[in-house]
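One-letter residues, chain by chain:
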Amino acid sequence: SAVISQKPSRDICQRGTSLTIQCQVDSQVTMMFWYRQQPGQSLTLIATANQGSEATYESGFVIDKFPISRPNLTFSTLTVSNMSPEDSSIYLCSVKDSGDYNEQFFGPGTRLTVL
Amino acid sequence: EDQVTQSPEALRLQEGESSSLNCSYTVSGLRGLFWYRQDPGKGPEFLFTLYSAGEEKEKERLKATLTKKESFLHITAPKPEDSATYLCAVPHSNSGYALNFGKGTSLLVTP
């Protein structure tokens, strides 16, 4: 399975600022996703990061708040913009490789605290 | 809307005390049911995928089974290192390959 790293692993930010989270994969993958896990909750899909085109966002998430880039098949970034305390969460990227099966593998997550 | 419901929310077992976790789902045309383990402060770790009713998969003390409406994760003679949150998921209805997760079962195994 792919090895996924995320940077930063954690951060504490001030209200109104922005943070960019990086996701790096050790091999080319067909699909990359970004999830949010709020305290004590399960994972919620933010968007699918599409290589070479705009990300596809789920209901409740918009590009102005969560801009996503995916310049190639091994790298993606998620920016959390104009942050508020409600954005305090763990942000996770996941990948599906090019195999026939639908298994996804997750990065270690970025723990964000907004003060 | 596709739904995934896990029970119980939390489970405390003594070491060696076997039990089962439940994941019920309402999905039209199941394209896989996924089990993950999540340790505190870490991303989910993939355990199993089940594709059809009657299918079973095993890994060490864990066995996952699937029916047309639910899946069970059986834990046989658990050890303290099995303590974690266990998540089940089905393919997301809007994004074909993303996952829709249940809320998880938090398992604590005491010595």
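Check the entry above for the structure.
Counting from 1, residues in each chain are numbered in the order their sequence is written. In the order they appear in the text, chains get letters beginning with A and ligands get numbers beginning with 1. Predicted model: local features are reported for residues with pLDDT of at least 70 only, side-chain atom pairs are reported and counted for 80 or more only, and whole-chain, interface and lining totals are derived from all residues. Side-chain metrics in this entry use all non-hydrogen atoms of the structure; hydrogen atoms and water are not considered.

Caption draft 1: Local environment of the sheet that holds strand 8 (residues 70–75) of chain B. All names here are of chain B. Strand order in the open sheet made by the five strands is 1-3-8-7-6, with antiparallel pairing throughout. Two strands in the sheet have a free side with no partner beyond their single neighbour: strand 1 (3–7) and strand 6 (56–59). Across the sheet, the mean angle separating the axes of adjacent strands is 15 degrees when strand polarity is ignored. A pair of strands is considered paired only if DSSP assigns at least 2 bridges between the two. Each helix is a run of H or I in the DSSP string that is no shorter than four residues. Each strand is a run of E no shorter than two, and both are numbered from the N terminus. Relative to strand 3 (residues 19–26), strand 1 runs antiparallel, the two sharing five bridges. Residue pairing in the sheet places Gln6 in a bridge with Cys23 of strand 3. To define axes, lines are fitted to C-alpha atoms, for helices over the stretch in contact only, and angles between the resulting N-to-C directions are given on a 0 to 180 degree scale.

Caption draft 2: Highlighting the side chain of A:Gln37. For A:Gln37, the location among the structural elements is in strand 4 (residues 31–37). N or O atoms within 3.5 Å of each other form a polar contact, as long as, within protein, one can give a hydrogen and the other can take it, and as long as residues adjacent in sequence are counted only when both atoms are side-chain atoms. Of the polar contacts made by the side chain of A:Gln37, one reaches the backbone oxygen of A:Gln41; its length is 3.1 Å. Once you skip the residues sitting within four places of it in the chain, A:Gln37 turns out to touch A:Ser42, A:Leu43, A:Ser89, A:Ile90, A:Leu92 and B:Gln38. In this description, contact between two residues means that some pair of their heavy atoms is separated by no more than 4.5 Å.

Caption draft 3: The pattern of salt bridges, seen in detail. All names here are of chain B. Think of a salt bridge as a Lys or Arg side-chain nitrogen and an Asp or Glu carboxyl oxygen that are within 4 Å of each other. Following the criterion strictly, the structure yields five salt bridges over all chains and no others. When the shortest N-O distance is used, the salt bridge between Arg37 and Asp39 registers 3.0 Å. Its relative accessible area of 14% is what places Arg37 among the buried residues. Here Glu55 and Lys57 are joined by a salt bridge, their closest N and O atoms 3.8 Å apart. Using a 1.4 Å probe on the protein chains alone, a residue whose accessible area is under 20% of its type maximum counts as buried, one over 50% counts as exposed, and one in between counts as partly exposed. With a relative accessible area of 29%, Lys57 lands in the partly exposed category.

Caption draft 4: Structural detail: the state of the cysteines. All names here are of chain A. By convention in this document, the label disulfide applies to cysteine sulfur atom pairs within 2.5 Å. The final tally for this structure, using the stated rule, is two disulfides over all chains. Two residues, Cys23 and Cys93, share a disulfide whose sulfurs are 2.0 Å apart. Negative torsions about the S-S bond denote left-handed disulfides, and the value of about 70 degrees found for Cys23 with Cys93 makes this one right-handed. Taken together, the residues span a long stretch of sequence, with Cys23 in strand 3 (residues 19–25) and Cys93 in strand 9 (residues 89–96) at a distance of 70 residues. Of the residues examined, Cys23 reaches a relative accessible area of 0% and is grouped as buried.

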